[in-house]
Amino acid sequence: MPFDNLKDFLDRLEQEQELHRVPVEVDPKHEIGAICRKLNVTKGPAVLFEKVKGSAIPLASQLLATNRRLAVALECEEKDLFSETLKRSARQIAPRLVRRGACQDVVKTGKDVDLNELPLATNNPDDNAPYLTAGHVILKDPELGYNLAIYRMMCRSRHEVNLRFIPSHHGWAFLKKAEERGLRALPVAVAIGVDPAIYIASQFEPKIGANELAIAGGLRNKAVDMVKCKTIDCEVPAHAEIIIEGEMKIPPRTGDEGPFGEFCGYTTDKVKDERILTIKAITHKKRPIYHNIWLGKPPHEHLYINAISYGIQAYHDLKVRYPAVKAAYAPPSGVSIKLVIQIDSKMNTPGMVKNLLASTLWTRGAMWKEVLVVDDDIDITNNDEIDWAVVTRVQAGRDTFIVPGGQGSRLDPSSDEFGVTDKLLIDATMKRGFRGKVAEPTKAMMDKIETRWNRYGFR
Ligand SMILES: Cc1cc2nc3c(=O)[nH]c(=O)nc-3n(C[C@H](O)[C@H](O)[C@H](O)COP(=O)(O)O)c2cc1C
Ligand SMILES: [Mn+2]
């Protein structure tokens with residue numbers, strides 16, 4: 001059964017002993033961020049801060065910060081996360097319009113709009129201001145349809161935030177379309193606190209015009225119900241906890257944004273001139289829950305979700321040319337610029353892996369800085385196994401390649417100011433002449449002990 005809203009998901013997490021409630025008051029400035037950092041390092045539970053200083057609204061964080069919780073969100077086994085997400089994201093179910101939504105139980109417009117009523121966190125010490133990090137931005141265009149993606153927002157005042165559209169992401173293209181159509185403003189709807197399928201779908205990067213809300217429908221196997229916004233021409237998930245309705249003027253007004261602790265683990269030192277979103281309405285449930293995403297030094301949840309969503313994208317790009325590709329994963333410690341590809345070892349024909357490695361350079365916006373290909377006995381979600389494959393199956397002179405000075409991510413602080421970086425490609429598969437035979441119990445024996453596990457007294 002799909003989750004109908006964030007509260008449903010929190011209830012399930014609580015049943016699974018994956019949610020911790022904090023009853024004492026916490027400070028959204030730095031204290032919540034420090035607790036999130038510790039929970040990331042210790043692989044602790046999701047957390048609901050019931051009393052946040054300065055706000056009447058509780059704050060949930062760390063929702064999907066482990067593969068275990070991702071598996072709870074997708075109601076599958078942890079070991080099937082990649083294959084299930086691949087299968088379900090391909091089966092798209094379009095959102096449908098409904099007349100009423102609990103997200104509009106309370107409506108505040110005009111002078112009543114006050115972002116300070118939300119428990120916006122300042123997660124890291126160098127962040128310039130409180131940031132809204134879990135705003136699911138929904139844009140609509142007559143030709144392109146809907147787009148769903150999380151874009152961070154820096155709080156500027158009671159009714160203004162900076163909204164960061166980068167050229168490689170779709171918000172930018174939707175704004176350009178609105179400009180071409182001669183609109184005087186781009187309507188921007190922001191949903192905070194949604195069913196985890198929508199959160200996960202927001203991190204898919206299908207080509208422009210593809211609808212991430214339909215991917216969410218596929219992931220949850222049920223259409224997302226949408227209601228019309230109160231003040232702008234857009235629709236939002238009816239079950240969301242909180243909705244922000246706003247407009248980006250055309251041409252946009254801009255203002256300083258940053259510094260901010262980025263997903264790659266570093267604070268960008270640059271303050272950038274970014275677009276400003278003017279908020280026309282805030283609507284919410286009667287007793288809403290706010291959602292915060294902590295970003296900074298890995299590990300953190302953004303990287304766990306993108307490990308799968310970006311892995312699936314690379315998989316689709318490569319599978320058409322290389323049928324041997326079985327799965328792809330962007331390990332969280334590799335901050336979305338490291339890719340691990342698993343191949344069907346029986347199909348490892350001479351030279352194929354080298355061609356495959358070279359072909360990865362253009363996938364996912366050419367962001368990859370390190371790419372490994374491994375055999376199908378390697379669990380690509382497990383760094384221990386990946387390291388083992390590298391150290392026992394690679395001869396560096398023969399199996400690694402460097403592509404000097406390629407285009408990569410500007411957020412990698414070791415690249416130059418244009419994001420130019422060397423790329424490391426590693427064939428970590430067993431090649432002809434490999435002398436090892438893996439020492440482990442048979443599959444039959446492993447299956448047998450699995451069925452007896454409780455009888456041995458293990459949990
Ligand atoms: C917490 C968080 C903050 C993000 N902030 C931004 C941002 O400010 N700008 C951006 O372009 N992408 C940001 N992203 C990444 C996008 O949400 C993600 O790449 C998405 O799939 C882009 O979708 P699009 O191709 O439809 O634009 C963020 C992701 C997360 C989880
Ligand atoms: Mn998109």
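Residues numbered from 1 in each chain as written. Chains lettered and ligands numbered in written order. Predicted model: local features only at pLDDT ≥ 70, side-chain atom pairs only at ≥ 80, totals over all residues.

S.K.: Let's hear about the overall build of the protein: which residues, and what values?
M.R.: For the protein, the count of helices and strands is 13 helices and 22 strands. Summarising its shape, the C-alpha atoms of the protein cover approximately 75 × 55 × 40 Å along the three principal directions. A burial count over the protein gives 45% of its 459 residues as buried. Within the protein, residue pairs in contact and separated by at least 24 positions form 70% of the contacts whose partners lie at least 6 positions apart. (Helix = DSSP H or I, 4+ residues; strand = E, 2+ residues; numbered from the N terminus. Buried ≥ 20, exposed ≤ 12 C-beta atoms within 10 Å, placed from the backbone. Contact = placed C-beta atoms within 7 Å.)

S.K.: So what's going on with the sheet that holds strand 3 (residues 59–61)? Which residues, and what values?
M.R.: The strands making up a sheet associate through hydrogen bonds between their backbones, and the pairing can be parallel or antiparallel. Ordered by their spatial adjacency, four strands build an open sheet running 1-2-3-17, and the pairing between neighbours is mixed. Strands with a single pairing partner mark the edges of an open sheet, and in this sheet they are strand 1 (19–26) and strand 17 (290–291). Of the strand pairs in this sheet, strand 1 and strand 2 (residues 46–52) are connected by six bridges, and their pairing is parallel. Its bridge partner being in strand 2, valine 26 is matched across the sheet by valine 52. (Pairing = 2+ DSSP bridges.)

S.K.: I'd love a proper account of the packing of helix 3 (residues 67–74) against helix 4 (residues 81–90), names of residues and values included.
M.R.: Orientation of helix 3 relative to helix 4, taken along the N-to-C sense of each, is 35°, at an axis distance of 11 Å. Helix 3 and helix 4 meet at a crossing whose hand is left-handed. Facing Asn67, Leu70, Ala71 and Leu74 of helix 3, the residues of helix 4 in contact are Leu81, Glu84 and Thr85. Across the contact of helix 3 with helix 4, the residue classes break down as four nonpolar, two polar and one charged. (Axes fitted to C-alpha atoms, helices over the stretch in contact; angles between N-to-C directions. Left-handed = near helix turned anticlockwise from the far one by under 90°. Nonpolar A, V, L, I, M, F, W, Y, C, P; charged D, E, K, R; others polar.)

S.K.: Describe the pairing of strand 20 (residues 370–374), listing the residues and the values that go with them.
M.R.: A large share of strand 20 lies buried, amounting to four of its five residues. Across five bridges, the pairing between strand 19 (residues 338–343) and strand 20 is parallel. Its bridge partner being in strand 20, lysine 338 is matched across the sheet by glutamate 370. Pairing geometry for strand 20 and strand 22 (residues 420–427), over four bridges, is parallel. Within strand 22, the position partnered with glutamate 370 by the bridge is leucine 424.

S.K.: Hey, could you go over the site of ligand 1 for me, with residue numbers and the actual values?
M.R.: The full set close to ligand 1 counts 18 residues, and Ala149, Ile150, Arg152, His169 and His170 are the nearest of them. Counting only elements with at least two residues in the shell around ligand 1, the list comes to strand 8 (145–150) and helix 5 (170–180). Across the shell around ligand 1, the residue classes tally to seven nonpolar, eight polar and three charged. (Near = placed C-beta within 6 Å.)

S.K.: I'd like a description of the domain arrangement of the protein, backed by residues and values.
M.R.: For the protein, the assigned domains read domain 1 (6–288) and domain 2 (301–427). Residue-level contacts link 22 residues of domain 1 with 20 residues of domain 2. Put simply, the parts of the chain that give the side of domain 1 that touches domain 2 at least two residues each are helix 3 and helix 4. For the side of domain 1 that touches domain 2, the element with the highest residue contribution is helix 4, accounting for five residues. Grouping the constituent residues of the side of domain 1 that touches domain 2 by class yields 12 nonpolar, eight polar and two charged. (Domains from an automatic or database assignment.)

S.K.: I'd love a proper account of the nonpolar core, names of residues and values included.
M.R.: Counting residues in hydrophobic clusters, the biggest one holds 127 residues, and the most contacted among them are Ala201 and Val236. By residue number, the principal contributor to this core is helix 8 (residues 301–319), which donates 10 residues. Built from parts of two domains, this core gets at least three residues from each of domain 1 (6–288) and domain 2 (301–427). In this view, valine 236 contacts Cys103, Ile138, Ala189, Ala191, Met226, Val227, Cys229 and Ile243; residues no more than four positions away in its chain are not counted. (Core = buried A, V, L, I, M, F, W, Y, C linked by C-beta atoms within 7 Å.)

S.K.: Give a detailed account of the sheet that holds strand 4 (residues 96–97), specifying residues and quantitative values.
M.R.: Here we have three strands laid out as an open sheet, ordered 4-12-13, and mixed in their pairing. At either end of the open sheet lies a strand with only one pairing partner, and these are strand 4 and strand 13 (235–237). Across two bridges, strand 4 lies against strand 12 (residues 225–228) in parallel orientation. By the bridge assignment for strand 12, arginine 96 is matched with aspartate 225.

S.K.: Describe helix 7 (residues 212–220), naming the residues involved and giving the relevant values.
M.R.: Summarising burial for helix 7: nine of the nine residues are buried, a large majority. Regarding helix 7, the residues found buried are Glu212, Leu213, Ala214, Ile215, Ala216, Gly217, Gly218, Leu219 and Arg220.

S.K.: Outline the packing of helix 4 against helix 8, supporting the account with residue identities and numerical values.
M.R.: Helix 8 packs onto helix 4 with a crossing angle of 65° between their chain directions and a minimal axis gap of 10 Å. Classified by the interaxial angle, the pair formed by helix 4 and helix 8 is roughly perpendicular. As helix 4 runs across helix 8, the sense of the crossing is right-handed. Contact with helix 4, carried on its side by Leu81, Phe82, Thr85, Leu86 and Ser89, involves Ile308, Gly311, Ile312 and Tyr315 of helix 8 and no other residues of that element. Grouping the amino acids of the contact of helix 4 with helix 8 by side-chain chemistry returns six nonpolar, three polar and no charged. (Parallel < 35°, antiparallel > 145°, perpendicular 65-115°, else oblique.)

S.K.: Tell me about unusual backbone geometry, residues and numbers included.
M.R.: With an omega of -10°, the peptide bond running from isoleucine 250 to proline 251 counts as cis. By the secondary structure assignment, proline 251 is in the loop between strand 14 (242–249) and strand 15 (254–257). The backbone phi angle of lysine 43 is positive, close to 55°, even though this residue is not glycine. Judged by the 12 C-beta atoms lying within 10 Å of it, lysine 43 falls in the exposed class. In this model, arginine 364 sits at a positive phi of 45°, which is unusual for a non-glycine residue. Take arginine 364: it is sitting in helix 10 (residues 363–366).

S.K.: How would you sum up helix 1 (residues 6–15)? Please name residues and give values.
M.R.: Listed in full, the buried residues belonging to helix 1 are Leu6, Phe9, Leu10 and Leu13. Looking straight down helix 1, one finds that the buried residues subtend no more than 100° of arc, so they occupy a single side. The elements touched by buried residues of helix 1 are strand 1, strand 2, strand 3, helix 3, helix 6 (196–201) and strand 17. Remark: glutamine 17 follows helix 1 within two positions and exhibits a positive phi of approximately 55°. (Arc of directions from axis to C-beta.)

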